[in-house]
Amino acid sequence: MFVPLQSDPVLLPETIGRVLFGGEIAIWQEAVAGFIAAFVIANVMLANAGVAGPWAKRKITAAFTDRIAVDRVGPAGLLIIPAAAVQLMAKELIIPDGADRPAYDIAPILLALSALIGFAVIPMGSIFGINLQMADPETGLAYVFAVASIATLALTMGGYASNNKYSLMGGLRAIAQNIAYEIPLIVTAASVVIFTGTLQTSEIVAQQAEPLVTIAGITIPSWFAFVNPFAFVLFMVANLAEVGRNPFDIPEAPTEIVAGYMTEYSSIYFVLFYMGEFIHIFLGGAIVTTVFLGGPAGPILPGFVWFLVKIWAVFLFTQWARSAVPRVRIDQLIEIGWKGMLVLSFANLVLTAVIVGVML
Amino acid sequence: MNPWIAIGALALVGLLIPLGMMAVSSLLRPTVPEKGKTATYESGEIPTGGTRIRFNIQYYMVALLFLVFDIETVLIFPWTVIYRRAVSMEGVGLTGALLPMLVFVGILVVGLAWAWRQGAVQWVRNPTESQRSVDRQ
């Protein structure tokens, strides 16, 4: 039943390296090619998460509440976010009394960094015959979860270092929430790894390309969302909590604790926090796409387009939840996490292991 | 090609973008130091007391619980990777591959049940609030 490892497709840094330096590539040339590739990927993701994401968020929320929202700057108001970013960059940076200085400055950088480096191992499909994946280590899935969870550290650091009581509350709530939902998230992903037998992201995507069933001439691929829908639902819920969106947005609950850990951040630091959160939502969407939705696979259109469609679908889901679902309280949050999600995710893992083992 | 070179390059870019934005901002923004401006925000009131205060012990309890389960996920991942290969292998089979992990997860679930009964995952109510509910009865 095992699919042999495919011949590795050429990754983006290697493609750039071949164009720039020819066949034999020295180590410094690898680094240069990697840097260019990283620059391209980071900017695509920034344009996606930093510009289109917040704009779409405002438009969607407006549609839910029967408003029009931004429509003045650029076509359909699309340039409002760059305009707001420039405006915020030109604002005075006010650092509160008694702020814990290095930590206060490092937190926004760390948040943006942790969200961006997760994209390194995500298979983004190809466009014009160029594979856009940066790197494909054998530990890909473990790596992406590891770097995504660094964001918790940044939130806690920002909350604690601000010397503000709202920030402290927000930071504590952020850590309580993220640690409660990280275990279900990872254990659910582990139940998918039982099927794949590998942590390599390209291999996880390749295995989802196989047909599952054919109904009326339409072949349904074996995306793990179809193979194990229970795990998919659990993962989506845990992912909502992990990126801190409704119903799990108590770390920054604007009607309770002002803006949580962001309360004392102004100017460029606020831009970095805000941007980092949006990149994080898209990273969550990219993980869901890779693990459950077949990665960049899809008919006719190039893989990268399908990849964007899928991460935007997950993004739209989080925005729908944000508008439609009320916030939970901290005690409900802890109980849902530790008593509900954790038990269900372990049940899912054990059941999957038993079913896979018996059917093999 | 070593994947970690590309990942390192992305980490470098991920550092350079925020730092570059900060540098641009430091060129653009004004600095007008005033005394009241840097006071921490407390809904417009003058801040009272420090921020390094005692907070709810519950945050510590769930963090302790997290530590146990996080290490457990680290141990589960290698098992999931080799599971299917182990089941189809001679001399290991289904029981050999599944049973030890069931026992392992079982011990942890017993631990969770114990923590549950001890109230570690039950958020402590505000004492004044519970007092009020007692009064009402």
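Residues numbered from 1 in each chain as written. Chains lettered and ligands numbered in written order. Predicted model: local features only at pLDDT ≥ 70, side-chain atom pairs only at ≥ 80, totals over all residues.

Engineer: A description of the overall build of chain A should follow, citing residues and the corresponding values.
Structural biologist: A count of helical and extended segments in chain A gives 13 helices and 4 strands. Expected size for 360 residues packed as a compact globule is a radius of gyration near 21 Å; at 21 Å, chain A falls within 12% of this value. Evaluated residue by residue, chain A yields a buried proportion of 53% over its 360 residues. (Helix = DSSP H or I, 4+ residues; strand = E, 2+ residues; numbered from the N terminus. Rg over C-alpha atoms; globule rule 2.2 N^0.38 Å. Buried ≥ 20, exposed ≤ 12 C-beta atoms within 10 Å, placed from the backbone.)

Engineer: Outline the overall build of chain B, supporting the account with residue identities and numerical values.
Structural biologist: Each helix and strand counted, chain B has 4 helices and 0 strands in total. Overall, chain B shows an N-to-C arrangement of helices and strands of α-α-α-α. Counting over 137 residues, chain B shows a buried share of 18%.

Engineer: Describe unusual backbone geometry, with residues and values.
Structural biologist: The general pattern is negative phi for most residues beyond glycine and trans for most peptide bonds. Residue and element names in this part refer to chain A. In the Ramachandran plot, Asp-66 falls in the positive-phi region, its phi being about 60° despite a non-glycine side chain. Within the chain, Ala-69 stands out as a residue other than glycine whose phi angle is a positive 65°. Its place among the elements puts Ala-69 in the loop between helix H2 (27-64) and helix H3 (80-89).

Engineer: Describe the packing of H3(A) against helix H11 (residues 267-292) of chain A, naming the residues involved and giving the relevant values.
Structural biologist: Angle between the axes and distance between the axes: these two values describe a pair of packed helices. Residue and element names in this part refer to chain A. Packing of H3 against H11 brings their axes to within 7 Å, and their N-to-C directions diverge by 145°. Side by side, H3 and H11 meet where Ala-85, Leu-88 and Met-89 of the first sit next to Ser-267, Ile-268, Phe-270 and Val-271 of the second. Class assignment for the residues of the contact of H3 with H11 results in 6 nonpolar, 1 polar and no charged. (Axes fitted to C-alpha atoms, helices over the stretch in contact; angles between N-to-C directions. Contact = placed C-beta atoms within 7 Å. Nonpolar A, V, L, I, M, F, W, Y, C, P; charged D, E, K, R; others polar.)

Engineer: Which residues make up the interface of chain A and chain B, and what values go with them?
Structural biologist: Each side of the interface is counted separately: chain A has 72 residues, and chain B has 59 residues. Elements supplying a minimum of two residues to the side of chain A that touches chain B: helix H1 (12-21), H2, helix H4 (101-117), helix H7 (165-196), H11 and helix H13 (330-359) of chain A. When residues of the side of chain A that touches chain B are assigned to their parent elements, the largest contribution, 14 residues, is made by H13(A). Residue composition of the side of chain A that touches chain B, grouped by class: 53 nonpolar, 8 polar and 11 charged.

Engineer: Outline helix H3 (residues 93-118) of chain B, listing residues and values.
Structural biologist: Under the 1.5 Å per step criterion, the end-to-end length of H3(B) is 38 Å for 26 residues, consistent within 8% with the ideal 38 Å. Of all bends in H3(B), the biggest is about 25°, found at Leu99(B), and the proline Pro100(B) comes one to four residues later. Considered for burial, the residues of H3(B) that qualify are Ala97(B), Leu98(B) and Leu112(B). Tucked inside the fold, the buried residues of H3(B) contact H13 of chain A together with helix H2 (58-87) of chain B. Phi turns positive, to about 90°, at Gly119(B), one or two residues after H3(B). (Expected span 1.5 Å × (residues − 1). Bend = angle between axes of the 7 residues up to and from the residue.)

Engineer: So what's going on with the pairing of strand S4 (residues 218-221) of chain A? Which residues, and what values?
Structural biologist: Residues and elements named next belong to chain A. Judged from the 4 bridges that link them, strand S3 (residues 211-215) and S4 form a sheet pairing that is antiparallel. The partner of Pro-211 across the bridge, within S4, is Pro-221. Taken together, S3 and the strand that follows it, S4, pair antiparallel across an intervening segment of 2 residues, in which Ala-216 is found at a positive phi of about 50°. (Pairing = 2+ DSSP bridges.)

Engineer: Give a detailed account of the packing of H13(A) against H3(B), specifying residues and quantitative values.
Structural biologist: Their axes nearest at 11 Å, the elements H13(A) and H3(B) cross at an angle of 170°. Overall, the two elements H13(A) and H3(B) adopt an arrangement that is roughly antiparallel. Across from Lys339(A), Leu342(A), Phe346(A), Val350(A), Ala353(A), Val354(A), Gly357(A) and Val358(A) in H13(A), the residues of H3(B) making contact are Leu94(B), Ala97(B), Leu98(B), Leu102(B), Val105(B), Val109(B), Leu112(B) and Trp116(B). (Parallel < 35°, antiparallel > 145°, perpendicular 65-115°, else oblique.)

Engineer: I'd like to hear about the environment of Asp136(A), residue by residue, with values.
Structural biologist: Note that Asp136(A) resides in the loop between strand S2 (130-131) and helix H5 (140-148). Between the C-alpha atom of Asp136(A) and that of Gly74(A), which follows or precedes it by 62 residues, the distance is 38 Å.

Engineer: Go over H2(A) with me, naming the residues and quoting the values.
Structural biologist: Relative to the 56 Å expected for 38 residues at 1.5 Å per residue, H2(A) spans 52 Å between its end C-alpha atoms, a close match to the ideal helical length. Of all the bends in H2(A), the greatest, near 35°, is centred on Ala52(A), and the proline Pro54(A) appears no more than four residues after it.

Engineer: Pulling in residues and values, what's your account of the confidence of the model for chain B?
Structural biologist: Residues and elements named next belong to chain B. Chain-level statistics for chain B give a pLDDT mean of 80 and a share of 89% at 70 or above. Helix H4 (residues 127-136) is the least confidently modelled element of chain B, averaging 55 in pLDDT, while helix H1 (residues 3-28) averages 87, the highest of any element. Reported confidence for the predicted complex is 0.83 by ipTM and 0.87 by pTM. (pLDDT = per-residue confidence, 0-100.)

Engineer: Before we move on, could you go through the confidence of the model for chain A and cite the residues and values that matter?
Structural biologist: Taken residue by residue, chain A gives an average pLDDT of 83. The fraction at 70 or more is 98%. Scored below 50 in pLDDT, residues 1-7 of chain A shows 4 contacts in the model against residues more than four places distant or in partner chains.

Engineer: An account of the environment of Arg101(A) is needed here, citing residue identities and associated values.
Structural biologist: All names here are of chain A. Within the secondary structure layout, Arg-101 lies in helix H4. The class for Arg-101 is exposed, based on 10 C-beta atoms found within 10 Å. Sequence separation of Arg-101 and Ala-225 is 124 residues, and the distance between their C-alpha atoms is 45 Å.

Engineer: Can you break down the environment of Ile82(B) residue by residue, with the values?
Structural biologist: Residue and element names in this part refer to chain B. With respect to the helices and strands, the residue Ile-82 is situated in helix H2. Among the residues examined, Ile-82 registers 13 C-beta atoms within 10 Å and is labelled partly exposed. Sequence separation of Ile-82 and Thr-40 is 42 residues, and the distance between their C-alpha atoms is 53 Å.

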